[in-house]
Amino acid sequence: MNRAEVLNRNIRRIGVLMEEKSRFLISIIIVAILSAAAGAAAMYFALGGGPAGAAPTKLKAAWIYVGPIGDIGWTYAHNYGRLYVAGKFSSWLDTTYVESVTAADFSACVNLLIEKGYTIIFATSFEFLEPSYTAALQNPNVLFFHCSGWDIYLPGAQPTNLGFYFAEFYQLYYLNGLMAGALTTSGKIGYVAAHYIPEVVRHINAFALGALEAAKYLNKSITIYVTKIGSWYNPDVARSLASQLVSNYGVDVIAFTEDSYAIVQFCQEQFDAGNPVYTFSHYSPMYTYGPNVTVSGQLVHWEVIYEDIISKVYTGTYNKDNLKDKVDYWWMLREGAVELGADFGMPINPNFIKKLNTTLFEIDEKLEAEFKAFGMEKAIIVQDGKKYASIYNLVMLRLKEMREESTVFDPFTGPIYDNAGNLRVLPGLRLNRYELWTMDWFVSNIINLAS
Amino acid sequence: MIRIIIKKREKELPYAYSSTIVILVSIFLSLVVLSFFGINPMIALWEAFVLPILTVYGWANILYNGLILLLCGVGLVIAFKAGVWNIGAEGQMLMGAIAATWVSLYLIPKAPSIVMIPSMFIVGFLFGALWGFIAGVLKAKLGVNEVLTTMMLNYIAYQIVYYLVMGPWANPATSYPVSKPFPEQAWLLSVSRPLPVSVPTLILALTIAPLVHLMLFRTKLGYEIRAIGSNPIAARTYGISYAKAVIISMLLSGGLAGLAGVHAVAGSILTPQLRRPEQVSRGFGFVAILVAWLSGIKPLPVIFTSILMGLVFLAGFAIQISFARGIGSTHLFTGVMLLILSIMETYRRYEISVRIHALRRILRWF
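Residues numbered from 1 in each chain as written. Chains lettered and ligands numbered in written order. Predicted model: local features only at pLDDT ≥ 70, side-chain atom pairs only at ≥ 80, totals over all residues. Heavy atoms only, no water.

Notes on the overall build of chain A
Put simply, the test is: For helices the rule is a DSSP run of H or I covering at least 4 residues; for strands it is a run of E covering at least 2, with both sets numbered from the N terminus onward. A 1.4 Å probe rolled over the protein chains alone gives each residue an accessible area, and that area as a share of the maximum for its type sets the label: buried under 20%, exposed over 50%, partly exposed in between. Contacts between residues were defined by any pair of non-hydrogen atoms, one from each residue, lying within 4.5 Å.
When you go through chain A residue by residue, the secondary structure sums to 14 helices and 18 strands. Across the 451 residues in chain A, those meeting the buried criterion constitute 57%. Sequence-distant contacts, at least 24 apart, represent 71% of the contacts inside chain A between residues at least 6 apart.

Concerning the overall build of chain B
Here is the rule: With the radius of gyration taken over C-alpha atoms, the globule rule is written as 2.2 Å times the number of residues to the power 0.38. A 1.4 Å probe and the Shrake-Rupley method give the accessible areas. Residues count as covered only by the protein chains that appear here. Positive charges are assigned to Lys and Arg, negative charges to Asp and Glu, while His and the chain termini are left out of the count. Positions of charges follow a simple convention, taking NZ of Lys, CZ of Arg, CG of Asp or CD of Glu.
In terms of regular secondary structure, chain B is built from 16 helices and 2 strands. The globule rule puts the C-alpha radius of gyration for 366 residues at 21 Å, and the 23 Å found for chain B is close to it. Principal-axis analysis of the C-alpha atoms places the extent of chain B at approximately 90 × 60 × 35 Å. Looking at the 366 residues of chain B, the share that counts as buried comes to 57%. Within chain B, residue pairs in contact and separated by at least 24 positions form 78% of the contacts whose partners lie at least 6 positions apart. As displayed, chain B offers around 15,200 Å² of accessible surface, 71% of which is attributable to carbon and sulfur atoms. In chain B, 27 positive and 10 negative side-chain charges are present, and the distance between their average locations comes to 5 Å.

What about the sheet that holds strand β12 (residues 338-340) of chain A?
All names here are of chain A. Which entries qualify depends on this criterion: By the convention used here, strands pair only if DSSP detects at least 2 bridges between them. Working convention: axes come from line fits to C-alpha atoms, limited for helices to the stretch in contact. Angles between N-to-C directions cover 0 to 180 degrees.
One open sheet holds the 7 strands; their spatial order is β12-β10-β9-β8-β6-β7-β18, and the pairing between them is mixed. Of all strands in the sheet, those bounded by a partner on one side alone are β12 and β18 (446-448). Between one strand axis and the next, the sheet turns through 20 degrees on average, direction left out of account. Pairing of strand β8 (residues 253-256) with strand β9 (residues 278-283) involves 2 bridges; the strand directions are parallel. Paired with Ile254 across the bridge in β9 is Thr279.

Thoughts on unusual backbone geometry
Omega for the peptide link from Gly414(A) to Pro415(A) comes to 5 degrees, which places this bond in the cis form. On the secondary structure map, Pro415(A) appears in the loop between α13 (391-403) and β16 (416-417). Along the chain, Arg193(B) connects to Pro194(B) via a cis peptide bond; the corresponding omega equals 5 degrees. Looking at the element boundaries, Pro194(B) is found in the loop between α7 (188-192) and α8 (199-218). In this structure, Asp384(A) takes a positive phi of about 50 degrees despite not being glycine. Within the fold, Asp384(A) resides in the loop between β14 (381-383) and β15 (386-390).

Examining the packing of aromatic side chains
To keep things clear, this is the line we draw: Each aromatic pair joins two rings of Phe, Tyr and Trp (for Trp, the six-membered one) with centres within 6.5 Å, and gets the label stacked for planes under 30 degrees apart, edge-to-face for over 60, and tilted for any other angle. As a reminder, the over-ring test applies to NZ of lysine and CZ of arginine, requiring each to be within 6 Å of the ring centre and within 35 degrees of the ring normal.
Taken as a whole and assessed by the stated rule, the structure comprises 42 aromatic pairs over all chains. Judged by centre distance (5.5 Å) and plane angle (70 degrees), the ring pair of Tyr165(A) and Tyr306(A) falls under edge-to-face. Taken together, the residues span a long stretch of sequence, with Tyr165(A) in strand β5 (residues 162-167) and Tyr306(A) in helix α9 (residues 302-314) at a distance of 141 residues. When its relative accessible area of 0% is taken as the criterion, Tyr165(A) is described as buried. Classification of Tyr306(A) as buried rests on a relative accessible area of 0%. Plain terms: the ring middles of Phe284(B) and Phe313(B) are 5.4 Å apart, the flat faces sit at 25 degrees to each other, and that makes the pair stacked. Taken together, the residues span a long stretch of sequence, with Phe284(B) in helix α13 (residues 284-294) and Phe313(B) in helix α14 (residues 299-323) at a distance of 29 residues. Take Phe313(B): its relative accessible area is 17%, and that puts it in the buried class. One cation-aromatic arrangement involves Lys8(B) over Tyr350(B); the distance from NZ or CZ to the ring centre is 5.3 Å. A cation sits over an aromatic face here: Arg236(B) above Tyr242(B), 4.4 Å from the ring centre.

Focus on the packing of helix α3 (residues 56-81) of chain B against α14(B)
All names here are of chain B. Where we set the bar: Any angle that falls under 35 degrees is termed roughly parallel, while one over 145 is termed roughly antiparallel, one within 65 to 115 roughly perpendicular, and all others oblique. Definitions for this section: a left-handed crossing has its near helix turned counterclockwise from the far helix by less than a right angle. A right-handed crossing has that turn clockwise. Only Asp, Glu, Lys and Arg are considered charged, only Ala, Val, Leu, Ile, Met, Phe, Trp, Tyr, Cys and Pro nonpolar, and every remaining residue, Gly among them, polar.
It is the contact of α3 with α14, at a shortest axis distance of 7 Å, that shows an interaxial angle of 140 degrees. In terms of axis orientation, α3 runs oblique to α14. Once α3 is placed against α14, the crossing between them reads as right-handed. Touching Gly58, Trp59, Asn61, Ile62, Leu63, Gly66, Leu69, Leu70, Gly73, Val74 and Val77 of α3 are Pro299, Val302, Ile303, Ser306, Ile307, Met309, Gly310, Leu311 and Leu314, all from α14. Looking at side-chain class alone, the contact of α3 with α14 contains 14 nonpolar, 6 polar and no charged residues.

Observations regarding the domain arrangement of chain A
Residue and element names in this part refer to chain A. Test applied: Delimitation of the domains relies on an automatic or database domain assignment. A quick way to say it: buried area is the sum, across both parts, of accessible area lost when two parts are put together, with a 1.4 Å probe. For this document, the term salt bridge refers to a Lys or Arg side-chain nitrogen within 4 Å of an Asp or Glu carboxyl oxygen. Counted as a polar contact is a pair of N or O atoms within 3.5 Å, where, for protein atoms, one must be capable of donating a hydrogen and the other of accepting one, and residues adjacent in sequence contribute only when both atoms are in side chains.
For chain A, the assigned domains read domain 1 (56-167 + 303-331) and domain 2 (170-301 + 337-448). If you average the C-alpha positions of domain 1 and of domain 2, the two centres end up 31 Å apart. Per-residue buried area on domain 1 facing domain 2 is highest for Ile72, Trp150 and Trp330; these three make up 30% of the total on that side. Where Asp328 meets Arg433, a salt bridge forms, and the shortest distance between an N and an O atom there is 3.0 Å. Linking domain 1 to domain 2 there are 4 residue pairs in polar contact (both at pLDDT 80 or more). Taken together, the residues of the side of domain 1 that touches domain 2 break down into 13 nonpolar, 3 polar and 4 charged.

A closer look at the nonpolar core
The criterion, for reference: We call a set of buried residues a nonpolar core when its members are Ala, Val, Leu, Ile, Met, Phe, Trp, Tyr or Cys and they connect through side-chain atoms within 4.5 Å of each other.
Membership of the largest hydrophobic core comes to 144 residues, with the highest contact counts inside it found for Ile64(A), Phe144(A), Phe49(B), Val74(B), Met120(B), Leu274(B) and Met309(B). Excluding its chain neighbours within four sequence positions, the residues that come into contact with Val74(B) are Ile208(B), Ala209(B), Val212(B), Leu256(B), Pro299(B) and Val302(B). Phe126(A), Ile197(A), Val200(A) and Ile305(A) belong to the second largest nonpolar core, which has 130 residues in total.

Overview of the pattern of salt bridges
All names here are of chain A. Counted under the stated rule, the structure contains 25 salt bridges over all chains. Note that Glu168 is salt-bridged to Arg202, the shortest N-O span being 2.6 Å. Here Glu168, found in the loop between β5 and α5 (170-183), pairs with Arg202, found in helix α6 (residues 198-218); they are 34 residues apart in sequence, far enough to count as distant. Using a relative accessible area of 1% as the deciding quantity, one classes Arg202 as buried. Each of the salt bridges in this network shares a partner with another, and the network as a whole consists of Glu213, Lys366, Glu370, Arg398 and Glu401.

As for the domain arrangement of chain B
Reports of interface size often rely on the accessible area that becomes lost once the parts have come together. Residues and elements named next belong to chain B. Along its sequence, chain B is organised into domain 1 (1-39 + 325-366) and domain 2 (47-307). For domain 1 versus domain 2, the separation of C-alpha centres amounts to 32 Å. Regarding the contact of domain 1 and domain 2, the summed buried area is about 830 Å², with carbon and sulfur atoms giving 84% of it. Sorting the residues of domain 1 by area buried against domain 2 places Tyr15, Ile23 and Leu341 first, and these three jointly supply 47% of that buried surface. Counting across the domain 1 and domain 2 interface gives 0 salt bridges. On the surface where domain 1 and domain 2 come into contact, there are 1 residue pair in polar contact (both at pLDDT 80 or more). Among the secondary structure elements, those contributing two or more residues to the side of domain 1 that touches domain 2 are α1 (15-36) and α15 (328-349). With 6 residues, the single largest contributor to the side of domain 1 that touches domain 2 is α15.

Quick look at the packing of helix α3 (residues 103-115) of chain A against α3(B)
Interhelical geometry of α3(A) versus α3(B) gives an angle of 155 degrees and a closest axis separation of 9 Å. Comparing their axes, α3(B) and α3(A) come out roughly antiparallel. Two packed elements cross with a definite hand, and for α3(A) against α3(B) that hand is left-handed. Residues Ala104(A), Asp105(A), Ala108(A) and Asn111(A) of α3(A) lie in contact with α3(B), whose contacting residues are Tyr57(B), Asn61(B), Tyr64(B) and Asn65(B).

Structure, rendered in structure tokens:
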């Protein structure tokens, strides 16, 4: 047999092998998996991953998110806060997260977390209120912090190991409203809401109050068209509602409560097509998605709240017996939990500063005194014996006022009428927190399209 | 030259064989992918697939989700056997959920559990069946493609639920879009205490799967359905009614998904109440298609594949928790499984061999 024949025979063998290959490969994979499964158990305990091996000195905190962390809105901002505290306290804090969890799977996730030694759980959706309550009762040694809930919504008495926190935006919505009122040329402003729950209704109203105040100063007549999606995260519906507001109602400024930047993108497209519609960042900076249309916005600093909570758990100030009494954060501008801005550090988009600075209105003695009290004498412009200020400076004044330790100014100060003409807040009175948390009426000049 | 030879197998590989391979290979490949992200696949395997089943709460979750998939999956098997591609389990489920809400809150709110729970399931079956029937009649009588109609009926059911929870059935006590809570006699978990899983659904599902098996393989109706599914022209020549087989299979398919819908709301660990549609069906009507295919379109193996899929979902959460890797881990498992399933479906029926001739020619030079 010569060399060529030997080779040929071998090649034929390879050919046979190849046909048998698939079955052979599959057998290999099965064996590999079975041995991996066996090995996994061994390695798991060898590497100290077992229940006894958990490091005892580190605090373990977990976040359960309702949406994906890539939403560039609500969940993204919470996850930013998580990463911040994880970095800052890395020597004694371990964190993890679970995203896109439905209320039905919440309890399974909580139990997996407890199984892994997590003792601090942040539930970042209103939808998790009932399962958080149940989980807190079932696991009295675990600390539960629920974002956006309050004891009035609970089905029973508040467990001692369940606390609440929230970064409240209504002051910022009011400021955005001032700017919207100054910028609109059609006098028609839109608002795309997620749900008509008190939190969102409060924000819509604060926004409308700002717009109406600007309208009063500038002698405009303004109508606010409000519609709702029925979901916290639904970019498609948000976009189509925004588009309806523009094409059917002639709206040229849109504020929204939805966890994506769909509406900002829509407004930028309108701008590019020569029909500018202005909007605001919501929860996370959205300036980059609409540099020509994002006027300002409401931004959150969950990390401020998370840092405070976690460090107080670490020092023992908060424990399983006192969350009910001690943890009820309702933080706003004064605590630094929220920020006015199209982007962090950019309270008002530079493209709009000139316009807002040249939009002047006549001020009365009361406003003049407020400007002076906050060191803004330069904002007062005297012409022909009358005193004027710009909307830009009014926004800056209100921003300063609301940062004060004691309440100097609050948007929800009477007289406030609802859209049926009833006087809801008596002149000079201010709504209290309970009234703000149960708000179910719209202020005047709001037209509810979803009723 | 590479030559790929595809030959139809004289005898198809058994589903038991191909599905086992799909499951094992997809878990294996998912773990390989995870290992690229610095996750030890051995530990991942343990944390994802072993730890969750060691706890009672793990099983409560697996069974709650698994029973939804089981009922939908068995229903889909009937439709698929008749060659009807029902992708409307999502909508049929929602109709079942609507039925449960209607019965427990408005029809017989005072009835005791012994009346309430069977009525919810019966009306749930009827509502789901109605949704299946519409698509079935349109296909049988007018030849309308059922893939389109069932898909569109999903959206309609979706909007009906939205309308109900935001409008006429909205709970006046909250401004959130939910119905009032069901009366306690309608809570499947409260009659199952101390077990954390709905016993009525468990019994129902474990009875229905064998019944459907008997129906499909031991009765005339089942024979007709299978005949229409495998060769409609030949079956019609033998006098089997095409319309009857298609309509009945869609009726049953929709009805079983309706039962799943009843379980999804009334058997929830949360307070049973109608919620926003995405909170009720959660896309499980589509996952059930995967469950039905993995079973080899047979009712009994669905019991296994549905529970397995329930575990896969929990495993996804477990991986997220252990490695902070996000929802991608869940999508990875289900996505790879679907991919391998499609590949295996071809491999099951065709013999595939690859011959590299160039190699042979090159080697001959030496």
